[in-house]
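For reference, the chains in residue letters:
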Amino acid sequence: MKIFVCVVLFAATCCLNFASSTTYEPTWDSLDKRPIPSWYDEAKFGIFMHWGVFSVPSFENEWFWWNWKGAKIPSYIEFMKENYPPNFEYADFAPQFTAEFFDPDSWADLFKASGAKYIALTSKHHEGFTNWPSVNSWNWNSVDVGPRRDLVGDLAASIRNRTSIHFGLYHSLFEWFNPLYLKDKEGGFKTQDFVRTKTMPELYDLINNYKPELIWSDGQWEASSDYWNSTEFLAWLYNSSPVKNTIVVNDRWGKGTPCKHGGYYTCQDRYNPGTLQTHKWENAMTIDKRSWGYRRNAPLSDYLTIDELLKTFVTTISCGGNMLANIGPTKEGTIPTIFEERLRQMGKWLGINGEAVYSSVPWKHQNDTTNPDVWYTAKGGKVYAFVLEWSSSIKLGSPLATSSSSTIDLIGGTTNLTWEPLKPSGVKVDIPAWSGLKWCLVLRFNGFQ
């Protein structure tokens, strides 16, 4: 059986065809040669969800437990003193993670409406609580306590039954306060009891039972990939797993692996280099500027506007990246209105301008040579300009007409716009009165280079 895959080589995206019988060795030299399945590069836009016990206190960010008991940050200690009994422990939050309003069908419908082509749900964050009935996490999972349901399984079923979205999972390799991990760490990671009895059994369980097409690994930074047995797992994932032909992974598989090994690169949170990269990459970012998890105390000003979100998006895809936009559901299982609004706005914009986004590739210029508010993609012989700021006319330095019959269209609006060449290069384009979306205009260039 053959499948098509997409990789970025020498600042150009190309699709390759390889046989799924290819065998990968458990070494980075071998694993790094596996091309990334083409669906991922074509998708461009995904949705991240940070959801867990940290959604109960929903104070400051999803690192609540560590900031309270590990780093002992005064504001967290004071928050607990003012709002909870003296002997209250983090585990006492779990029964309050109820998810009584969680409707996976409505989530799936929202994600479809957003125009997203893939999602990544938290299966387990650094707190160790699993959103599925892990046999390796007794009484610290969503079936034994709290929601009393398989959150991963329920959402996976709805996504597959109601959409064509690719289902993915976030998974943290380490756990802040797991005694087995702390013992391995104390010994300089010369033992692997935590990996052998917790991390790896759960990863294999997730793959075999839920068959995600994406694994967003995290929590790698304290120990090497040798400690995590990452290369052995990835070799199995690519060679023998039930998702070997479609699975996509990131680069967080051990200390020193981000931006160097794995599948696509994330490098760091909110990574957006602004220049074309030689390897496929992702901008995993947050709509709430300060947190990945839901915050009850977040003011409106902490949320990206749709204009800010679209600027992040177009600067990302113009340089060959995908954008994974994070939302934080509540402990009750609802998606806060501000996140829903942003996702529906994205969907409305993509419904008009999707031809310039999905399956596009970077053009020879990512940012216009004279107008910093214009970014480009290309597809099917056409060039697309994303115009973040405009007036009745705009000047662009990058596009060059190939003939007198070259045309420029406003996607979703007027076709065959009035334009004139500029010297020594570029064009001046007249923008007609526009009653459509005011966020980011997209121009289609036909017959330009």
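Rules used in this analysis
Residues numbered from 1 in each chain as written. Predicted model: local features only at pLDDT ≥ 70, side-chain atom pairs only at ≥ 80, totals over all residues. Heavy atoms only, no water. UniProt positions renumbered as here; feature names shortened; annotations may be inferred. Buried < 20%, exposed > 50% of the residue type's maximum accessible area, 1.4 Å probe, protein only. Helix = DSSP H or I, 4+ residues; strand = E, 2+ residues; numbered from the N terminus. Pairing = 2+ DSSP bridges. 1 Å grid on protein atoms, 1.4 Å probe; cavity = no way out; pocket = protein on both sides within 12 Å on 5 of 7 lines; lining within 4 Å. Points joined across faces, edges and corners; volume = space filled by probe spheres on them. Nonpolar A, V, L, I, M, F, W, Y, C, P; charged D, E, K, R; others polar. Axes fitted to C-alpha atoms, helices over the stretch in contact; angles between N-to-C directions. Parallel < 35°, antiparallel > 145°, perpendicular 65-115°, else oblique. Left-handed = near helix turned anticlockwise from the far one by under 90°. Contact = heavy atoms within 4.5 Å. Expected span 1.5 Å × (residues − 1). Bend = angle between axes of the 7 residues up to and from the residue. Disulfide = S-S within 2.5 Å.

The name recorded for the protein in an unreviewed UniProt entry is alpha-L-fucosidase, from Clavelina lepadiformis. What UniProt states about the protein under its Function (unreviewed entry) heading is, verbatim, "Alpha-L-fucosidase is responsible for hydrolyzing the alpha-1,6-linked fucose joined to the reducing-end N-acetylglucosamine of the carbohydrate moieties of glycoproteins." Turning to the protein, the UniProt annotation filed under Sequence similarities (unreviewed entry) states: "Belongs to the glycosyl hydrolase 29 family."

A. Focus on the pairing of strand E11 (residues 374–379). In terms of burial, E11 is a largely internal element, five of the six residues being buried. The sheet contact formed by E11 and strand E12 (residues 382–387) spans six bridges and is antiparallel. For Thr-377, the partnering residue across the bridge sits in E12 and is Tyr-384. Between the antiparallel neighbours E11 and E12 lie two residues, among them Gly-380 with a positive phi of about 55°.

B. Fine view of the layout of surface pockets. What the largest pocket holds in volume is close to 160 Å³. Along the wall of the largest pocket there are 13 residues; nearest its centre are His-50, Asp-218, Arg-252, Asp-269 and Trp-292. Taken together, the residues of the lining of the largest pocket sort by class into six nonpolar, three polar and four charged.

C. Highlighting the packing of helix H8 (residues 193–210) against helix H10 (residues 230–239). One way to put it is that H8 packs onto H10 with a least axis distance of 11 Å and a crossing angle of 15°. In terms of orientation, H8 lies roughly parallel with respect to H10. In the crossing of H8 with H10, the sense of the turn from one axis to the other is right-handed. Together, Met-200, Leu-203, Tyr-204, Ile-207 and Asn-208 of H8 and Ser-230, Glu-232, Phe-233, Trp-236 and Leu-237 of H10 make up the contact between the two elements. Residue classes in the contact of H8 with H10 are distributed as seven nonpolar, two polar and one charged.

D. Inspection of the pairing of E12 at higher detail. The buried fraction of E12 amounts to five of the six residues, a majority that puts the element mostly inside the structure. Bridge count between E12 and strand E17 (residues 441–446): six bridges; the pairing is antiparallel. Paired with Phe-386 across the strands is Val-442, a residue of E17.

E. Local environment of helix H11 (residues 306–317). Taking 1.5 Å per residue, 12 residues should reach 16 Å; H11 reaches 16 Å between its end C-alpha atoms and fits that length. Among the 12 residues that make up H11, nine are buried, leaving the element largely enclosed by the rest of the structure. For H11, the secondary structure elements touched by its buried residues are strand E4 (45–49), strand E9 (281–286), strand E10 (321–327), helix H12 (337–353), E11 and E12.

F. Broad picture of the sheet that holds E17. The four strands lie next to each other as E11-E12-E17-E14, forming an open sheet whose pairing is antiparallel. Looking at strand neighbours, the two that pair on one side only are E11 and strand E14 (407–410), the edges of this open sheet. Looking at each pair of strands side by side, their axes are set apart by 25° on average, direction ignored.

G. Molecular detail of the sheet that holds E10. Strands sit in the order E8-E7-E6-E5-E4-E10-E9 across an open sheet of seven strands; the sheet is parallel. With partners counted over all chains shown, the strands left at the sheet margins are strand E8 (248–249) and E9, one partner each. With two bridges connecting them, strand E7 (residues 214–218) and E8 associate as parallel partners. Paired with Ile-215 across the strands is Val-249, a residue of E8. Docked against the sheet, H11 engages E4, E9 and E10, running at close to 150° with respect to E10.

H. Structural context of unusual backbone geometry. Residue Lys-423 is joined to Pro-424 through a cis peptide bond whose omega torsion reads 5°. Structurally, the position occupied by Pro-424 is in the loop between strand E15 (419–421) and strand E16 (427–430). One non-glycine residue, Asn-229, adopts positive backbone phi at about 60°. Take Asn-229: it is sitting in the loop between helix H9 (225–228) and H10. For Asn-229, a relative accessible area of 26% translates into the label partly exposed.

I. Summary view of H8. Here H8 is 18 residues long and its end C-alpha atoms lie 25 Å apart, about the 26 Å a rise of 1.5 Å per residue gives. The principal kink in H8, of about 30°, is found at Thr-199, preceding the proline Pro-201 by one to four residues. When H8 is considered as a whole, its buried residues turn out to be Phe-194, Val-195, Lys-198, Thr-199, Met-200, Glu-202, Leu-203, Asp-205, Leu-206, Ile-207 and Tyr-210.

J. Expanded view of the state of the cysteines. Scanning all chains against the criterion turns up one disulfide. Paired through a disulfide, Cys-259 and Cys-267 show a sulfur-sulfur distance of 1.8 Å. With the S-S dihedral at roughly 65°, the linkage between Cys-259 and Cys-267 falls on the right-handed side. Relative accessible area serves as the criterion here: at 18%, Cys-267 is assigned to the buried category. We note that Cys-319 lacks a disulfide partner, and the nearest cysteine sulfur, in Cys-267, lies 13 Å from it. Take Cys-440: it sits in no disulfide, and the sulfur closest to it among the cysteines is that of Cys-319, at 14 Å.

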